Structure formats: structure tokens, C-alpha cells
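Here is how the chains run, residue by residue.
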Protein chains: 2
Amino acid sequence: MSAANPYIPPVADYAFLYREVFGRDIVAAASGGAITADDAIEIIAGAGEFAAEVFAPLDRPGDQIGARLENGEVHLPDGFAEAYQALVEAGWVSATAPESAGGDGLPESVGAGLGEIWNASNMAFSLCWMLGAGAIHALDAAASDELRETYLTKLVSGVWTGTMNLTEPEAGTDLGAIRTTATPREDGTYSISGQKIFITWGDHDAAENIVHLVLARTPGAPEGAKGLSLFVAPRVLVEADGSLGARNRIETVAIEDKLGIHASPTCVLSYEDATGYLVGELHGGLAGMFVMMNSARVGMGHQATGVSDRALQGAAAYAAGRLQGPVQGRPAGAPIAEHPDVRRILRSMSSQVFAMRALAVHVGDLFDRAESDEDVLRTAELFVPILKGWASEEALRVTSDGIQVYGGMGFIEETGAAQHYRDARIIPIYEGTTAIQANDLIGRKVLRDQGATVAELFAQIDSSVVALRAGGGDVAVRVADRLGRALDAARRATDALLAFGPGRDASAVSVPFLSLLGTLAGGWMHALAVVAVAAHSSPEGADAARLTDADFYAAHHLVRVHALAETVAAGEIA
Amino acid sequence: MSAANPYIPPVADYAFLYREVFGRDIVAAASGGAITADDAIEIIAGAGEFAAEVFAPLDRPGDQIGARLENGEVHLPDGFAEAYQALVEAGWVSATAPESAGGDGLPESVGAGLGEIWNASNMAFSLCWMLGAGAIHALDAAASDELRETYLTKLVSGVWTGTMNLTEPEAGTDLGAIRTTATPREDGTYSISGQKIFITWGDHDAAENIVHLVLARTPGAPEGAKGLSLFVAPRVLVEADGSLGARNRIETVAIEDKLGIHASPTCVLSYEDATGYLVGELHGGLAGMFVMMNSARVGMGHQATGVSDRALQGAAAYAAGRLQGPVQGRPAGAPIAEHPDVRRILRSMSSQVFAMRALAVHVGDLFDRAESDEDVLRTAELFVPILKGWASEEALRVTSDGIQVYGGMGFIEETGAAQHYRDARIIPIYEGTTAIQANDLIGRKVLRDQGATVAELFAQIDSSVVALRAGGGDVAVRVADRLGRALDAARRATDALLAFGPGRDASAVSVPFLSLLGTLAGGWMHALAVVAVAAHSSPEGADAARLTDADFYAAHHLVRVHALAETVAAGEIA
């Protein structure tokens, strides 16, 4: 048991999602037919196999050994550097990088599947290249040709990794308080000095260089967030011919002792007259951040899905193998998976995982279609804080449920259930806490357009309720009833929020409102699945489980919308 | 920050609970006037001071260093043995032991306060004497005079500690599968052989002897749970003159590497021809367990309250001291405690903590009055699984909220927030998982008497709704409205459960039903508090906070009853 639990990639679910749930082959639609759902499923299966073989076995030792700081250098546990090189050589880093940056430009809906798989097999390790993806987006949007050639190509191939250097001891959620300075030198470079904390994969020994993207303040810059500029500061300086030169003046002062993701080195980096290169416009740093923010936040949705599915897989396997005595009139020797409450917990977990997975694919699909359609872009952006905020909070519930299935063994570290619970706890915090997501949701996505975008979403959910009722079947009727009533409650809550006016602070109930929309969206995803199953002329093996998941989600999770709606309407209580 | 966070005992809350919330001095009523609420508050304050000074500073090092097994002996971190001796010398172990066993026999309602305080200051350490309390109850109920004299007196004084040896590798929830054997010897003692796992404080170096209570099977005993007998097996054998003799043949084979409560040694004990003494009747072992079960499960309610309050205290202190930038139009430099969502989280935590604390005191009061009133005993026993199951699950939410208040720092171990989250995760598992509590609730406490006891409880809550409405005031009206509607939903859910009949398995929704009753009971406790506050002729400083807690609990937690009622009525979905 001290080795990592095996990982089984959810290929069938992605086939169902890419081909059926959204009423068409979404991969072909997104790629203009360049690739189809069939191709995407092959990609998912290939990544799944790679992840199961290469990353999953390192998950548990990564947690137990963790990243270590010795003599100013970070060392990963044995096998990590080789596994990362295998990832790069197999071309997985460039798979989802945009074509404009030299990547393969796979659709975002396919990226959702890959993101889930990397995180499920090894959440701590996945952060290594997830952060790089953010850096790729930021450089692709704003960097000069020279910076693109020197740094972007290396990030896209994965030969070098990337980081985001935002947080400082006195500047977390509030980036405007950043104090790190960038002083122009005569040669056009900048001298960067200051301390950055919580730098994920800020140092490691799996790649020959690390490309730090750093927010800093130039002399005389405006106060607050408007005065920030974005810089590239490599761990090792790059010579004119592209070869590696001297170490930049960036030191790893400490790595944090964290609750989870022990194999992900969370670094305190000290810049002392380090060399940096301006990316994009002076004082345009925050715009650069916004470019990568959507991508990073959506990625957290993939991460929440991945760690939740891994917790489910471990718990389901344990429950199937663990035999116990007679309970409730059942004979002794039956696996605990047959006990009613264990069944309830496992079903709760699986119904949540499907909801997250489907919503992540839907959001990917929306971004795939957003370039040509501003309405779709608005809906996609509405969903970013919902996916990140809701899925990350629900991942806490799912990974906690995972421990409960194991009983006393869940509290023992060797089973691995506790690791998922510890790892998952960071997801509602980084890349913007749930409160930050919720304020983005109500401020920029709901109140600003007076609820127009969210009303369009509600109309789409309404159509699904109608389609469900037309389809018939017991489960369809029950899910339609519960989804319809949940939608009514969501509309009432939204109306209440819009009517708050200046005297009442909507941000006091923004998190419950976010949970409400996420829970509703999860129910909608199940409704789409029920409709898709109803279209099967001959039921497939997985159909019964899909219907039960939908039925269960509606009766156990979707009903929470009513409580949340009352909480939202109550407004601030202080 | 690497030292333990300070601990402030909640003396004012206990004063409010003992004197006012239940409409009379419950301490005086329970003790026949021997002691009053004033005396109890002095006891609580004294214990709180002791806990804050002696136990709280050991909480963090206990987590970091943990208990270690070296050469077959368990060693506690520095300071633990001395702290335990100080506890014994101050007489705190015997304070709550029954008078029949030679203890001071403080009322259970006062025991609730002490239990919370020990657990809040150091949850891992508290398990040492909480387990002893279970052993005291079991011996007091069934042991011979000789065993009482030799072992019970030492347990009551605390000079020796006690353990419960139930679980085996193949016998967890299902005690009937226990295989440890007890073979009678000619001298009247028994030879005990077998392996016991998950033995809390099964070995340590804080006391000179440990009294193990062991469930085992004698030759030819009936199969299953009916064939179990209870034995005393001391770590060190006791000579006829009461002095300590040779070590018993009990070995500590391993201690578990756990998610939390690292200072609490969870032992694998191997018995090989160890000497044991029969307690009570042959094959009467399970009855002995039931004697201690109520006490241990209620104790878990105290533990859940304690760790939740500690998490709240840490988060509140951090939020008050941490300054951050301008958010939502508020000026920079304000503590994050003023941000609307941080306020929401802290209020959510405090309203939950009060609900748990008040319910624990109420259950203690019910047991105090139960000896002379069978109706009260039934209600008290109805509440045991509710308090244990509900408070332990809510403690997960509260300790998770605690991390969220700290933001990124909450994920760093040095702040201590993560420790509470890790420690708390065991409470819904041990002393019977939440599913076990829920099956006890619906099977023995609700279905068996066709809902008669729970109907009496609902009638009491109804009276509180009436009293609230009569009292007036905005908060009272809102809480009365929400409590009244929640009560209606609870009645409907109970009726649905009673109507399930043989075709539907109530245990598939027993956990949601337990959550529903716990959440309702928490709202009821707040309602009683609002009524008590309304009786104040001149408002006290704490009154405003109590009203806000009640208002918040009703709008954010009590409303969940509606979702749970729909889940319960839906029945099994499989």
C-alpha cells in the first residue's frame, strides 16, 4: 500500500463528452474538422496511459519525500526529473500550447481532459507545467520577437519551465501592494530586487532553466496595481547565441512546509540586482496577468476534477476489496461497497466528479468557440470563476468523502486517501481564493451587465429542462423537476442580488451565490447527460450508471441550491 | 509562529449556558444545589487557565514531533509527561469521574465544558484521559470489588491511564469478527492472545501503568458479538500488595503514521499469552462496551467543539492582525477581518461553534436529569448520535473555513490552521463513523418507537418558536420564521422515513437525516439564546454578537435543512 494507488484514465467519459453530451462532436467543431472526437479520445487515452505509467507511481513518494532545499538548490524526489523529460520528449507540453506560440494548439476541450489526467495522476507534479502554460500565454500575448525566440520556444517545447512571480509577504490578494523594484539599466535590461513568496516550482532540478515572469515596480511608476510592469527573469542567463551563461541573481531562500502537494516546491525567491527583461508595455503588467488568469483559473477546475477522481478511484477500489461483517441483514463477507452508506458516499463522489468534468469540458468548448462569438466569450468568462470556485470547494468535499469510505484506514497516511485531502486543500486558495472568484463573478460578470449573461445561461438550462421532459423516463422526469425548481431558485437569488442596491453589500453573499451557480451548472451537465443517454437506441453498459449519477446528483447536491438561494437573498448579516 | 497559538477559554459562553440559555441554573438543578452555575463557571475558568498554560503550548510541538516508537516503547514529545502529571495533581481527571467510582461526580453539563477545553487546548493529548473515562465507566458498571480496588481507583485518580482494545485488522465496525482469544487458566486469570489495532494511547511514558480493557473470545463462546467477553489486561502486572510487578506480555508492534493527532500514539498491540482478568459476566463484553459508548460518543461532541473553537480563535486572531489593501472601496490598511467574505467565514465558524457548544451542554444536562426521568433519558439517547455525528462533520467544515481565512498562509504548516484541519478529520470516523451514528439514530432511536421521541423533541422546538415570536425583535422574528419552516421540513422528512416500509432502505439516507436533525438542533440552540438575550433588561456587551450569530446561523446553516429533507424523502438512489 505504500506505493501509489493505480490510476485509470476516464477515457469512456471523455468519449461521451466529446461526442454526445453537447449534441455534436465538439472537437471537430472547435478545430474546423482538423481533428475529430475520435482523434481526441486517442489523445486522451495516450495521455492517460502515460500518466498512469509515469506519473501515478511518483505521487505517493512525492508526498512522502517531498521537494528538499539543500545548499540553495531544490531537489525533487528520485524519478521526477526523468519523468518530466519523458513528458517533454513525448510532446505533451506543446500539445495544448497555442499555435501562435509554436504549440499544437489542441482545442481547450481536449486540454480539459489532459489537465484532469495530469492532475489526477500527480497533482503536485502537474503544477510544474501548468504554471508554464500561464507564462506561455503571457509571453505569447505581449513579448517582443527577441523574447519570444529566446524564451517562448523553450517554454512551449517544455525544455525550460516557467513560473509566475506575483505574491510578496505584504501583497497577496492585493497585487497593488507589490514592492519589488525594477530599475532600468543602460543596456535596456532591468535590475530587479525584492522578495517573492509562494512561487510554485520556483526552483527545481528537472529542467536546465526556469523562466520567471515577475511583477515589479519601476522608479516613478504610479501607485497601486496600475504601476506594475511584467518582466522575464531567467534562473540562468541566456547568452546571445542562446546558450546558457551565468546564474541570474535569484536565490531560493526557503521552501514552505505545506499541508499538501509536498513534491511541488513552493519557494521564497530573493531577487538582488537580478537581470530582467520587460514584457510588453511599461506599467502594463496587470494586463499581462489578466491574459494568463483565465487559463490558470480554468486549469484549477481541471485540477479539482483530477484530485477528486483520484480520491474516488482509491475509495471505490478499497470498498470493493474490503470485506466486512453482516450489516443491515446482509450476509458477512460482502465488500463494504455494498453497504448502503458506502454506496451513498461513492455515488456522491462519482456524481460530483462527472459534474466537474463535464463543466470543465463545456468551458473549454466555450473558449474554443469564443473567438468568433462575443456572446459565447461572455458566457465562457462567466463560467471561469464558477468552475474554479465551485469545483475547488467541492473537491474538498469529495476528497473528505474519500477518507470516510476507508474508515479508520483513511486517517492512516499509507492508504493515500489522506494525501488527496491534504493536496486538494490548496485549490480554493491559490489562483485567487473562492472569495476572489466570487467577487469577480458578481462584480464583473453579473452586476456589470445587470444579469444579461447569466440570464442567457438560465435560458439555456431552461431548454434542457424542456428537452428532459420531452425525453421521458423516470430519471429524466425527476431530474427535470429538480433542475427546473433549482433554476427558479437561481433566478430569484439573482434578482435579489441585482436589487440589492447601494445599501447592501453583495460581496457578503458572493460565495454562496457562486456555490449556487456551480451547483446548478453541475445539475445542468447531468441533465445533458440524461438527454444524451435517452438518444441511445440500445443502452450501453455505462448508461445505467450515468442515469443513477444524474438522479443522485439532483436529489443530494442540486437541492442545496434552495438553501443557497435563501442565504443569498438574506444578504449581509453583521 | 512555530509556537502554539494562544488559547482563550470561552468562560462567558459557559456562564450564559449554565445560567440562562436553558431557563434556569442547570448546574444547581443537576447537583441538587450542591454546586451552582457560579461554582461551575469558576471550575471552567480554572480548567481554562490550566489548559491555556499547560496544554496549549504543547499542541504544536506535539504535532511536529509526534509520538515515537523506539525499541518497543512509545515516547511522547518533551513536556507531555510533566503536563499529564500536573493534570493529575490538580485533580482534573477525577473531577468528572462518577462518585460511585470515587470521583467528584461533577454534572455532565460541566463535563461538557471541561471536555471542550481539554480538546481545544490540545486535542491529541486529551484523548489520553478521554479514553480513561470510558474505561472508568465500564469498570464502575461491572467490575468485581477486587478489580475496582486495584484498577478503578488508579484510573479515577489518573495515576494510571486506560485504553479500549476493540478493533482488530479484520474487525472494525463489525465487532462480531473479533478473533483475540482469552483462555482460562487454573488460577482464575485468562491467557489473552491476538492483535489489536488503532489502540489510542495504547502505550506511552506519561504514567507508570496502563489499564487495557480488551474484548476477546473464550473457548467455545458463541459466534459473533454475543460471544465476546471483557477483560482487564494491565501493561504492568500488579502484585497482591498493589505494587507494580513484571511487564505483561503485551507488545507495541507499531504506531500509525496518521493525518493528524500526531501526539496521540495509535498503537498496534500484540497480546501473546498476556494475563487478563474477566470484567463482569462471561459473554457480557458487548454490554460493557455499550456502557462506555454513550460517554465516549458524547465526548466526541466535546472534541468537535473544542477543535472548532481553536480553529476559530486562530483564524479570528490572524484576520484581526493581518492588514491588506483596498477592497470593495474600503481603504488600504484595514485588517482582513473587515472584508465582507472574511466576516462571513468567521461568523459562520462562530455560529457553528456556539451551536455545538450549546447542544453539548444540553445533552449533558439531559443525562444529568435522566436518572429520574425515562422520557429525558430517551431524549438524551436520541441526541447522542446526533451530537457525535453532526458536530464531528461540522468540525470539518469549521476547520476548513479556518484555513481559508488565512489564505495562502493557511496551507503552510507553521500557522497551525492546517493542524486543526488534519486533527479534526478523525472525529467523524472513530467511536463509530457517522454512518454508524446515523444507523443508531434511525434504527434504535427513531424507527423503533415510531418517531415518538423525536416528536417530543419537535414539540419542544415548537415551543421555542412560539416563545421567539412572543419575544419580538427583528432577529427573533427572522429566526422564528426560519426555525419554524425548518421544523416543518424536519417533520415531513421524519414522516417520509417512517413511511418507507420494508421495500426502501432507510439507511441509504440515514446520514442526511442525522445532518438534518443536528442542523435543526443547532438552530434551536440559537433560538434559546435569542430568547435568553431578550430577557436581559439592559443588553450586555456580548448580546449583539449572540443575536448576529443566531441570525447568521438561521440564514446560512439552518436553511440547509430544506435540502436535506428533500434528500431524505427521495430515499435510496442506486
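Here the residue index of a chain counts from 1 through its sequence in written order. Chain A is the first chain written and ligand 1 is the first ligand written, with later ones labelled in order. A pLDDT threshold of at least 70 governs which residues receive local features in this predicted model, and a stricter bar of 80 or more applies before side-chain atom pairs are shown or counted, although totals over entire chains, interfaces and linings include all residues. Calculated side-chain values reflect all of the structure's heavy atoms, with hydrogen atoms and water omitted.

A.B. asks: What is the right way to look at the interface of chain B and chain A in this model?
C.D. replies: By a widespread convention, an interface's size corresponds to the accessible area lost as its parts come together. Residue contacts follow a heavy-atom distance rule, with two residues in contact if any of their heavy atoms lie within 4.5 Å. Of the residues lining the interface, 67 residues belong to chain B; the matching set on chain A comes to 68 residues. Interface of chain B and chain A: buried area, both sides summed, is about 5800 Å²; carbon and sulfur atoms make up 57% of it. For this analysis, a salt bridge means a side-chain nitrogen from Lys or Arg found within 4 Å of a carboxyl oxygen belonging to Asp or Glu. At the boundary of chain B with chain A, the tally comes to six salt bridges. Here Arg343(B) ties to Glu572(A) by a salt bridge, and the two come within 2.1 Å at their closest N and O atoms. Counting of polar contacts relies on pairs of N or O atoms within 3.5 Å, with two restrictions inside protein: one atom must be capable of donating a hydrogen and the other of accepting it, and residues adjacent in sequence are counted only when both atoms are side-chain atoms. The interface formed by chain B and chain A contains 20 residue pairs in polar contact (both at pLDDT 80 or more). In this text, helices come from DSSP runs of H or I with a minimum length of four residues, and strands from runs of E with a minimum of two, each type numbered from the N-terminal end. Within the residue set of the side of chain B that touches chain A, elements represented by two or more residues are α10 (340-370), α11 (374-406), α12 (417-424), α13 (434-447), α15 (474-498), α16 (510-534), α17 (543-558) and α18 (560-570) of chain B. If you tally residues by element for the side of chain B that touches chain A, the top one is α18(B), at six residues. For this classification, the nonpolar set comprises Ala, Val, Leu, Ile, Met, Phe, Trp, Tyr, Cys and Pro, the charged set comprises Asp, Glu, Lys and Arg, and every other residue, Gly included, is treated as polar. Class assignment of the residues belonging to the side of chain B that touches chain A gives a composition of 27 nonpolar, 18 polar and 22 charged. As used here, buried area is the combined drop in accessible area, with a 1.4 Å probe, of two parts when they are placed together.

A.B. asks: Explain the UniProt feature "domain: Acetyl-CoA dehydrogenase-like C-terminal" (unreviewed entry) in chain A to me, please; I cannot follow it from the model alone.
C.D. replies: UniProt positions are given in the numbering used here, feature names are shortened, and annotations may be inferred rather than shown by experiment. UniProt tags residues 476-572 of chain A as "domain: Acetyl-CoA dehydrogenase-like C-terminal" (unreviewed entry). In residues 476-572 of chain A, helix accounts for 77% and strand for 0%; the two terminal C-alpha atoms are 37 Å from one another.

A.B. asks: Just to check I follow, could you spell out the UniProt feature "domain: Acyl-CoA oxidase/dehydrogenase middle" (unreviewed entry) in chain A for this structure?
C.D. replies: Look at the UniProt record and you will see "domain: Acyl-CoA oxidase/dehydrogenase middle" (unreviewed entry) annotated at residues 164-273 of chain A. A helix fraction of 0% and a strand fraction of 48% characterise residues 164-273 of chain A, whose end C-alpha atoms lie 19 Å from each other.

A.B. asks: Just checking my understanding: could you explain the relation of the copies chain B and chain A for this structure?
C.D. replies: The operation linking the two copies of the chain is a rotation about an axis combined with a translation along the axis. Least-squares fitting of one copy onto the other uses the C-alpha atoms of those residues that reach a pLDDT of at least 70 in both copies. Overlaying chain B on chain A yields an RMSD of 0.0 Å, the required transformation being a rotation through 180 degrees with an accompanying axial translation of 0.0 Å. Look at the turn and shift together and you get a two-fold axis relating the two. Here 100% of the contact residues of chain B are again contact residues in chain A; the copies associate through an equivalent surface.

A.B. asks: Even after reading the chapter, I still don't get the nonpolar core, so can you show me in this structure?
C.D. replies: Remark: nonpolar core denotes a set of buried residues (Ala, Val, Leu, Ile, Met, Phe, Trp, Tyr, Cys) joined through side-chain atoms within 4.5 Å. Burial status follows relative accessibility: with a 1.4 Å probe on protein chains alone, a residue under 20% of its type maximum counts as buried, one over 50% as exposed, and anything between as partly exposed. One finds Tyr18(A), Trp118(A), Tyr18(B) and Trp118(B) to be the most contacted residues of the largest nonpolar core, which totals 393 residues. Excluding residues that lie within four positions of it along the chain, Trp118(A) makes contacts with Ala47(A), Phe50(A), Ala51(A), Phe55(A), Leu87(A), Trp92(A), Met123(A), Ser126(A) and Trp129(A).

A.B. asks: What am I meant to see in unusual backbone geometry here?
C.D. replies: Most peptide bonds take the trans configuration, and most residues that are not glycine carry a negative phi. At Glu431(A), a residue that is not glycine, the phi angle is positive and equals roughly 55 degrees. Relative to the elements of secondary structure, Glu431(A) occurs in the loop between α12 (417-424) and α13 (434-447). Of note, His283(B) is a non-glycine position whose phi angle comes to about 65 degrees, a positive value. Take His283(B): it is sitting in the loop between β11 (266-279) and α9 (285-321). A relative accessible area of 32% places His283(B) in the partly exposed class.

A.B. asks: Would you explain the environment of Asp63(B) in this entry?
C.D. replies: Structurally, the position occupied by Asp63(B) is in helix α3 (residues 37-65). C-alpha of Asp63(B) to C-alpha of His420(B): the two residues are 357 residues apart in sequence and 10.0 Å apart in space.

A.B. asks: Would you mind going over the pattern of salt bridges with me for this structure?
C.D. replies: Pairing between side chains becomes possible if they bear opposite charge and their charged atoms approach one another. Residue and element names in this part refer to chain A. For the structure on display, the rule yields 62 salt bridges over all chains. Between Arg 357 and Asp 13 there is a salt bridge whose closest N-O contact spans 2.6 Å. Here Arg 357 is found in helix α10 (residues 340-370), whereas its partner Asp 13 is found in helix α1 (residues 11-21), with 344 residues between them in sequence. Taking the relative accessible area as the measure of exposure, Asp 13 reaches 14% and is therefore buried. Between Arg 546 and Asp 13 there is a salt bridge, and its shortest N-O distance comes to 2.6 Å. With Arg 546 in helix α17 (residues 543-558) and Asp 13 in helix α1, this residue pair connects regions lying 533 residues apart in the sequence. With a relative accessible area of 13%, Arg 546 lands in the buried category. By sharing partners, the salt bridges in this structure join Asp 13, Glu 116, Asp 309, Arg 357 and Arg 546 into a single network.

A.B. asks: I keep staring at the confidence of the model for chain A and nothing clicks. Help me out?
C.D. replies: Keep in mind that low pLDDT regions are not for reading the predicted coordinates in detail. Looking at chain A, pLDDT values average 94 and 98% of them are 70 or higher. Per the prediction output, this complex has pTM 0.97; the corresponding ipTM is 0.96. Confidence scores labelled pLDDT are given residue by residue by the predictor and lie between 0 and 100.

A.B. asks: What's the story with the side chain of Gln419(A) in this structure? I'm lost.
C.D. replies: Residues and elements named next belong to chain A. By the element assignment, Gln 419 lies in helix α12. At 3.2 Å, the side chain of Gln 419 forms a polar contact with the side chain of Asp 59. Excluding residues that lie within four positions of it along the chain, Gln 419 makes contacts with Asp 59, Arg 60, Asp 63 and Glu 413.

A.B. asks: Looking at this structure, how should I read the packing of aromatic side chains?
C.D. replies: Aromatic ring pairs are described here by two measures, namely the spacing of the ring centres and the angle between the planes. Any Phe, Tyr or Trp ring, taking Trp's six-membered ring, that has another such ring centre within 6.5 Å forms a pair; planes under 30 degrees apart are called stacked, those over 60 apart edge-to-face, and the others tilted. For the structure on display, the rule yields 35 aromatic pairs over all chains. Ring geometry for Phe16(B) versus Phe354(B): centroids 6.4 Å apart, planes at 40 degrees, classification tilted. A residue pair is termed long-range when its members are at least 10 positions apart, and Phe16(B) in helix α1 (residues 11-21) and Phe354(B) in helix α10 qualify at 338 residues. The exposure class of Phe16(B) is buried, given its relative accessible area of 3%. Classification of Phe354(B) by relative accessible area gives buried; the value is 5%. With a centroid separation of 4.6 Å and 40 degrees between ring planes, the pair formed by Phe80(B) and Phe125(B) is classed as tilted. Here Phe80(B), found in helix α4 (residues 80-89), pairs with Phe125(B), found in helix α7 (residues 123-142); they are 45 residues apart in sequence, far enough to count as distant. Each member of the pair, Phe80(B) as well as Phe125(B), is classed as buried. Members of the aromatic cluster, each reached through a chain of ring pairs, are Phe50(A), Phe55(A), Phe80(A), Tyr84(A), Trp92(A), Trp118(A), Phe125(A), Trp129(A) and Trp201(A). Distance and angle both matter: a charge sits over a ring if NZ of Lys or CZ of Arg is within 6 Å of the ring centre and within 35 degrees of the ring normal. Lying across the ring of Tyr421(A), Arg425(B) places its NZ or CZ 5.7 Å from the centre.

A.B. asks: Looking at this structure, how should I read the pairing of strand β5 (residues 190-200) of chain A?
C.D. replies: On any regular strand, side chains alternate: one points to one face of the sheet, the next to the other face. All names here are of chain A. Of the pairings in the sheet, the one linking strand β4 (residues 181-184) to β5 comprises four bridges and is antiparallel in character. Across the sheet, the residue bridging to Thr 183 is Ser 191, located in β5. For two strands to count as paired, DSSP must find a minimum of two bridges between them. The loop that links β4 with its antiparallel partner β5 comprises five residues; one of these, Gly 188, has a positive phi angle of about 90 degrees.

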